[in-house]
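A structural walkthrough
Listed below are the residues making up each chain.
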Amino acid sequence: MKIAIITNSHIPLDTRVYHKIALSLSEKHQVRIFNTFPSPQTIMSNPSFEQIKDKRKCVQLRSFYYKVKDYNPEVVICVEPITLIVGIKLKRKLNCRLVYDCHEFFAMAFSERFKNPIIRNLAYRFYYTLENFLLRYTDASITVNEYLGARLAEAGDNVHICANNPVAGIKERKTGIVKKKYDFIYAGGISYDRGLKLILEACRKLKKQNIDFKFLFMGKFINEDVKKYFHEFLEENGLTKNLLYFGIIPHERVFHYLEQSKFGVMMTNPDIRRYRLTLSLKVLEYMEAGIPVLVNEYPIMKRRIIKTGTGISSEYSADAFADVMLRCMGIADKESEYKVLCEKAAELYKKKYTWESQIEELHEAVKLRDRKKMLLFAYFFPPLGGPGVQRPCKMVKYLKRSNIDTDVVSVRNIQFHSYDENMTKECRAESVIRTFTADPMGILYILKKFSKQKTDEIYFKTSETKKKLIRAIFPVDEKILWLPFALVSAFKAVLAKKYDYVMATIGPYTSGVAAYIVSIISGKPLVIDYRDHWTLNRYLFYATKLHQRISENFEQKILSRAKIVTTVSETMKEELIGKFGEHLRKKMLVMYNGWDDEDFSELKEKEEGKLVFSYVGNFYGNRSPEFLVNVLKELKTENMLPDNVLFRFVGNYHIEWQKMLDCPELEGFVDIVPQVTHEKAVDIMQNSDVLLLFIATASGKNVLTGKIFEYLRTGNEIFAMVPEKGDAEILLKSENYDHICPMEDVQSIRNHLIMLFKNNSRAVKTRKVNSEYSRENQVKKLVEHLRDGG
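Before going into details, it helps to say that this report is about the structure given with it. Since the model is a prediction, treat every value here as computed from it, not as a measurement.

1. Some details on helix H15 (residues 359–366)
Every buried residue of H15 is listed here: Ile359, Leu362, His363, Ala365 and Val366. Down the axis, H15 shows its buried residues gathered within 155 degrees of arc, on one side only. Residues of H15 that are buried make contact with strand S1 (2–6), helix H1 (15–26), strand S4 (75–78), strand S5 (97–102), strand S6 (140–143) and strand S7 (159–161).

Right under this line is the structure:
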């Protein structure tokens with residue numbers, strides 16, 4: 001396998017890039033490093049080198065692209081965020097695997113250039129956002145510690161920790177006992193932020209006390225000003241015999257000087273956060289040489305160095321550092337005590353901090369997977385919010401983890417009840433192709449420019465009955481006016497990329513029509529995901545028999561062409577087979593909505609003194625809080641509604657539901673919370689005592705909403721007002737929930753509420769969470785069917 005490593009800032013024989021990553025990978029693969037410095041070896045070696053000589057950044061990136069494209073690698077590793085731009089383009093052109101090696105806090109380092117705190121913060125946010133955007137297109141990331149790993153995991157999947165440990169076998173070692181010539185050594189880049197002024201001031205204090213010591217510096221000064229300051233300080237304070245500077249030493253020779261030193265020094269400015277979060281490579285190299293280390297009192301240093309007895313810490317001040325230097329010299333004079341420190345340092349390095357222990361993880365990160373590509377039509381997709389976007393978003397996320405990259409065709413701007421920007425970051429789509437739409441919600445958005453208040457009133461205050469009539473005018477559904485724009489964009493994508501599957505999640509049903517047409521013309525297998533029934537949906541109203549026949553004809557053709565058809569419940573699956581034929585059974589797959597474990601955190605404190613019932617979601621069709629509200633009114637009249645009870649409804653409700661919930665009789669007992677982000681919605685679910693579920697009996701037996709699974713994941717009590725013998729009741733009873741009754745059964749609702757009030761529901765039964773219903777496991781079932789050919 002051929003691997004290309006792209007770096008525009010590292011020298012060819014850089015320790016991380018060459019001695020670790022390139023050499024380790026070259027044991028199994030052909031590796032070439034593309035960089036901007038003169039190459040030390042011929043192009044025939046492995047690893048080989050190729051220099052990009054252009055100095056201008058834009059030209060340089062273009063040259064990287066063409067040089068690497070000619071090399072035609074299966075894997076591209078980018079070492080800086082800017083080179084990821086080249087990597088993404090190469091991935092699209094060559095269909096190669098793209099890996100990001102991030103061994104620095106780039107956003108922090110970039111922002112530190114600016115002294116003004118406001119500009120610094122803006123610079124950090126800009127770089128952070130840019131890096132996140134680029135990370136979405138990577139197949140894997142390699143990084144050096146858990147802090148950077150968590151940061152990368154926010155934006156990209158498949159993060160591998162390959163700690164920046166020293167490489168054995170490239171050091172020049174002395175044989176026998178090595179005589180210690182130096183009390184302290186500092187090896188690496190020399191700058192003020194790496195403690196230079198502090199160290200020099202501490203050395204001056206020791207000199208004034210007539211303490212005899214030798215401190216060796218090796219490395220490159222960050223700039224000429226620092227170099228001048230260093231040498232002038234030595235001259236002015238008579239330290240030229242105590243502080244020695246040996247310049248830039250070849251990496252393989254550094255070890256020779258480390259062994260001749262008693263203590264390795266690593267002091268960094270505590271105001272720079274990225275220093276506080278890393279265990280420096282220098283520290284590990286000191287340990288490899290078997291010398292104790294003198295470090296800052298950072299938590300990571302205390303945890304990894306001080307507690308293990310391999311070093312000594314100091315506060316970041318010249319006085320404290322001078323005292324610790326004296327203490328170290330005293331320890332070195334006690335042969336037995338010093339020997340124990342040295343042995344512990346060498347032992348800890350061998351046990352935990354060798355590069356050889358990281359190589360397996362490195363090979364795993366670059367391993368080629370059988371990656372597939374999917375084109376998905378999803379009208380409702382982030383940044384739109386609400387429950388309708390959860391299924392396609394989570395599906396795309398876990399398809400990527402199963403090596404299926406997804407491009408999504410969706411709408412650009414529409415009038416909608418809620419937005420959730422956080423979901424956009426989570427989806428992991430390769431790209432989202434956003435198109436114009438001329439459907440009613442798209443037109444309302446355009447009219448918003450003239451009167452935001454007017455369009456909001458039309459959208460939120462038009463009754464569901466009137467909306468049904470408007471929808472009925474259009475063939476298929478009112479989103480049919482999105483179809484031409486979706487198709488044009490989809491065909492452009494199909495011409496540019498090779499897709500393995502075309503998929504649609506419905507409703508709206510126009511998505512299915514678009515995917516069907518693209519599947520026929522491209523010849524790619526069609527996958528249809530039913531979130532809701534189409535012509536079997538009893539909530540739908542058709543203006544004429546012709547409208548109904550058009551929809552039935554399309555649904556019949558789409559189901560016949562589809563290789564795989566997924567549904568949210570067993571009942572929905574059986575109903576589709578019942579209407580369209582037994583031949584569908586072999587291609588049908590139940591893929592429950594499920595929950596995403598990564599959305600759930602530790603349970604927080606619940607609201608003090610309150611018994612909180614929560615409903616998170618919207619009401620539509622026949623789904624209504626009317627019967628519950630009537631029972632609450634009765635209980636209030638009879639003084640049977642406890643003062644500490646609160647019913648919380650979270651969502652953007654249309655006018656009829658608003659009036660129903662916001663009634664004067666229940667003031668103080670009902671709280672309406674406008675639509676929140678999914679993250680906040682999950683938080684509300686977790687911190688409620690009882691979770692409410694509404695599914696109308698009419699046409700509701702096959703309904704399994706996404707929230708039911710998230711409710712299950714919380715482990716909290718559920719009061720489910722759902723159809724008897726429907727999918728929701730069967731599922732909840734199988735998980736040992738028993739507060740279940742029909743949504744329209746007022747007497748049963750009353751009885752269950754009284755029981756819940758009486759039991760107080762705070763002593764919730766501990767229920768084992770059934771992992772079968774996780775989003776990840778549900779998507780894995782789909783992936784297995786896709787791999788098997790449907």
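2. Regarding unusual backbone geometry
Omega for the bond connecting asparagine 46 with proline 47 falls within 30 degrees of zero, at 5 degrees, which places this linkage in the cis form. Among the secondary structure elements, proline 47 is positioned in the loop between strand S2 (30–35) and strand S3 (48–51). In this structure, proline 383 follows proline 382 across a cis peptide bond, with omega equal to 15 degrees. In this structure, proline 383 sits in the loop between strand S14 (372–377) and helix H16 (390–401). Despite not being glycine, valine 476 shows a phi value in the positive range, around 70 degrees. Residue class for valine 476 comes out buried when judged on its relative accessible area of 8%. At asparagine 736, a residue that is not glycine, the phi angle is positive and equals roughly 70 degrees. Looking at the element boundaries, asparagine 736 is found in the loop between helix H29 (727–734) and strand S26 (740–741). We classify asparagine 736 as exposed; its relative accessible area is 56%.

3. Points about the side chain of threonine 15
Examined against the element boundaries, threonine 15 turns out to sit in helix H1. Apart from residues no more than four positions distant in its own chain, threonine 15 is found in contact with Lys20 and His251.

4. With respect to the pattern of salt bridges
Counted by the stated rule, this structure contains 37 salt bridges. Glutamate 598 serves as the salt-bridge partner of lysine 397, at 2.9 Å between the closest nitrogen and oxygen. Here the residue lysine 397 occupies a position in helix H16, and glutamate 598 occupies one in the loop between strand S20 (588–590) and strand S21 (611–616), the gap between them amounting to 201 residues. Under the relative-accessibility criterion, glutamate 598 is labelled partly exposed at 47%. Residues arginine 585 and glutamate 582 are paired through a salt bridge, measuring 2.4 Å at the closest nitrogen-oxygen approach. Accessibility expressed as a relative area gives 32% for arginine 585, which makes it partly exposed. Here the residues in one salt-bridge network are Lys91, Asp139, Arg371, Lys400, Asp405 and Glu430, joined through shared partners.

5. With respect to the sheet that holds S20
Two orientations exist for strands paired in a sheet by backbone hydrogen bonds: parallel and antiparallel. Taking strand neighbours across the sheet as the criterion, the seven strands line up as S16-S15-S14-S17-S18-S19-S20 in an open arrangement whose pairing is parallel. The open sheet has two edge strands, strand S16 (431–435) and S20, and neither has a second partner. Here the average twist between neighbouring strands, direction ignored, is 20 degrees. Pairing geometry for strand S18 (residues 526–530) and strand S19 (residues 564–567), over four bridges, is parallel. Across the sheet, the residue bridging to tyrosine 530 is threonine 567, located in S19. Helix H24 (residues 570–580) rests against S18, S19 and S20 of the sheet, and its axis sits at about 160 degrees to S20.

6. A closer look at the environment of alanine 438
Note on placement: alanine 438 falls in the loop between S16 and helix H18 (440–447). Here alanine 438 falls in the partly exposed class, since its relative accessible area comes to 22%. Alanine 438 sits 176 residues away from lysine 262 along the chain, and the two C-alpha atoms are 75 Å apart. When residues no more than four places from it in sequence are discounted, the contact partners of alanine 438 are Ile443, Leu481 and Phe485.

7. A word on the packing of helix H2 (residues 57–71) against helix H3 (residues 81–94)
Two elements in contact, H2 and H3, have axes separated by 10 Å at closest approach and are oriented at 35 degrees. Remark: the crossing between H2 and H3 carries right-handed chirality. Along the contact surface, H2 presents Leu61, Phe64, Tyr65, Val68 and Lys69, while H3 presents Ile82, Val86, Lys89, Leu90, Lys93 and Leu94. Of the residues belonging to the contact of H2 with H3, the class tally is eight nonpolar, no polar and three charged.

8. Comments concerning the nonpolar core
Generally speaking, soluble globular proteins have nonpolar side chains that are buried together. Residues Phe215, Leu243 and Met287 are the most contacted members of the largest nonpolar core, which totals 66 residues. Ranked by residue count, the leading element in this core is helix H13 (residues 318–333), at eight residues. Contacts of leucine 243, omitting those with residues within four sequence positions, involve Leu200, Cys203, Phe213, Phe215, Phe217, Phe230 and Leu234. Formed by 61 residues, the second largest nonpolar core is a distinct cluster that contains Phe669, Met685, Ile718 and Met721.

Conventions and cut-offs
Residues numbered from 1 in each chain as written. Predicted model: local features only at pLDDT ≥ 70, side-chain atom pairs only at ≥ 80, totals over all residues. Heavy atoms only, no water. Buried < 20%, exposed > 50% of the residue type's maximum accessible area, 1.4 Å probe, protein only. Helix = DSSP H or I, 4+ residues; strand = E, 2+ residues; numbered from the N terminus. Arc of directions from axis to C-beta. Contact = heavy atoms within 4.5 Å. Salt bridge = Lys/Arg side-chain N within 4 Å of Asp/Glu carboxyl O. Pairing = 2+ DSSP bridges. Axes fitted to C-alpha atoms, helices over the stretch in contact; angles between N-to-C directions. Left-handed = near helix turned anticlockwise from the far one by under 90°. Nonpolar A, V, L, I, M, F, W, Y, C, P; charged D, E, K, R; others polar. Core = buried A, V, L, I, M, F, W, Y, C linked by side-chain atoms within 4.5 Å.

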